[in-house]
Amino acid sequence: MSYGQEKTKTSLAFKPEFNLYAIAPINFGDNYLAKANKPHIGIGINFNFIQVQHFKLGMGYDFISYSITDVSKAGNIGSSRYNSVYGLLGYEIKLSNEIYLQPYLGFGSVKLNFKSGDRSFGHQTGNDFRIGFNVDYKLDKTISAFAGLGYVSTGYNINAAPEYVSFYDNSKMLQINIGLKIN
């Protein structure tokens, strides 16, 4: 008589991973953020919490402030502030023991706030779609440095005269990201 026990390896794992990074935004196209604003270096954080095989699921937050450069298109306000909260799906590809490539897709909610000094001039809301990649370099077992490039396309909910809608209802941005990852 014998007894056998099969060990199964679960592919779903809670593997927390925290990223903190600087964002160099490059807005382009015929839209409000590209034509009437000057971006400043932004900040982003994201937290990956579930891993299935090489897929990672998480969420993130980006903040970028802008100075108004064209009051004829932006109005008499001092700044615009881009806030995005998004879900993220990434895939980790090992290139060597120290270098990893992680392409990602994301979808989220955006709020664009308009301010002048301490006074608020309202906001616009919308959704963004993001796609990009990061290249990680492991510094040790728990810390990696990374750099990446992402494309973010945003559609805003707007109520304006028809001739102005296409200028204010979208934005397109390339993001150059540099940061640290703790896992």
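Residues numbered from 1 in each chain as written. Predicted model: local features only at pLDDT ≥ 70, side-chain atom pairs only at ≥ 80, totals over all residues. Heavy atoms only, no water.

**Quick look at the overall build of the chain**
- Regarding its fold elements, the chain presents three helices and 10 strands.
- What you see in the chain, going N to C, is helices and strands ordered as β-α-β-β-β-α-β-β-β-β-β-α-β.
- On C-alpha atoms alone, the chain measures out to a radius of gyration of 20 Å, which is more than a quarter above the 16 Å that the 2.2 N^0.38 rule sets for 183 residues.
- Based on the C-alpha atoms only, the size of the chain along its principal axes is roughly 85 × 35 × 30 Å.
- Considering only residue pairs separated by 6 or more positions, the chain has 63% of its internal contacts joining residues 24 or more positions apart.
- Surface accessibility of the chain: about 10,600 Å² in total, with carbon and sulfur atoms responsible for 61%.
- Across the chain, 17 positive and 13 negative side-chain charges occur, with their mean positions spaced 4 Å apart. (Helix = DSSP H or I, 4+ residues; strand = E, 2+ residues; numbered from the N terminus. Rg over C-alpha atoms; globule rule 2.2 N^0.38 Å. Contact = heavy atoms within 4.5 Å. Areas by Shrake-Rupley, 256 points an atom, 1.4 Å probe, with all protein chains shown as cover. Lys, Arg positive; Asp, Glu negative; His and termini not counted. Charge placed at Lys NZ, Arg CZ, Asp CG, Glu CD.)

**A look at the nonpolar core**
- If you look at the biggest cluster of nonpolar residues, it comprises 23 residues, and the most contacted ones within it are Tyr 32, Leu 33, Tyr 82 and Leu 112.
- Of all the elements in the fold, those that place two or more residues in this core are β1 (12–28), α1 (32–36), β4 (55–68), β5 (79–91), β7 (99–116), β9 (143–157) and α3 (162–168).
- Looking at this core element by element, the count peaks at four residues for β7.
- In this view, Tyr 32 contacts Asn 37, Ile 68, Lys 73, Ala 74, Ile 77, Ser 80, Leu 112, Phe 114, Phe 167 and Tyr 168; residues no more than four positions away in its chain are not counted. (Core = buried A, V, L, I, M, F, W, Y, C linked by side-chain atoms within 4.5 Å. Buried < 20%, exposed > 50% of the residue type's maximum accessible area, 1.4 Å probe, protein only.)

**Considerations on the packing of aromatic side chains**
- Under the counting rule described, the total for this entry stands at seven aromatic pairs.
- Where Phe 55 meets Tyr 91, the ring centres are 4.7 Å apart and the plane angle is 65 degrees; that geometry is what we call edge-to-face. Taken together, the residues span a long stretch of sequence, with Phe 55 in strand β4 and Tyr 91 in strand β5 at a distance of 36 residues.
- Given a relative accessible area of 32%, Tyr 91 falls into the partly exposed group.
- Put simply, the rings of Tyr 32, Phe 114, Phe 167 and Tyr 168 touch in pairs and so form one group of aromatic residues. (Phe/Tyr/Trp six-rings, centres within 6.5 Å; stacked < 30°, edge-to-face > 60°.)

**Describing the side chain of Asp 128**
- Here Asp 128 is to be found in strand β8 (residues 119–138).
- A polar side-chain atom of Asp 128 sits 3.2 Å from a polar atom in the side chain of Tyr 82.
- There is a polar contact of 2.7 Å between the side chain of Asp 128 and the side chain of Ser 84. (Polar contact = N/O pair within 3.5 Å; in protein donor to acceptor, adjacent residues only side chain to side chain.)

**Considering unusual backbone geometry**
- Although it is not a glycine, Gln 53 adopts a positive phi angle of roughly 55 degrees.
- As for its position among the elements, Gln 53 is in the loop between β3 (42–52) and β4.
- With a relative accessible area of 56%, Gln 53 lands in the exposed category.

**Some words on the pairing of β8**
- The sheet contact formed by β7 and β8 spans 17 bridges and is antiparallel. Following the sheet pairing, Leu 105 is matched in β8 by Ile 131.
- Between the antiparallel neighbours β7 and β8 lie two residues, among them Gly 117 with a positive phi of about 65 degrees.
- The pairing of β8 with β9 spans 14 bridges and is antiparallel. By the bridge assignment for β9, Lys 138 is matched with Ser 144.
- Linking β8 back to β9 in an antiparallel pair, the connection comprises four residues. (Pairing = 2+ DSSP bridges.)

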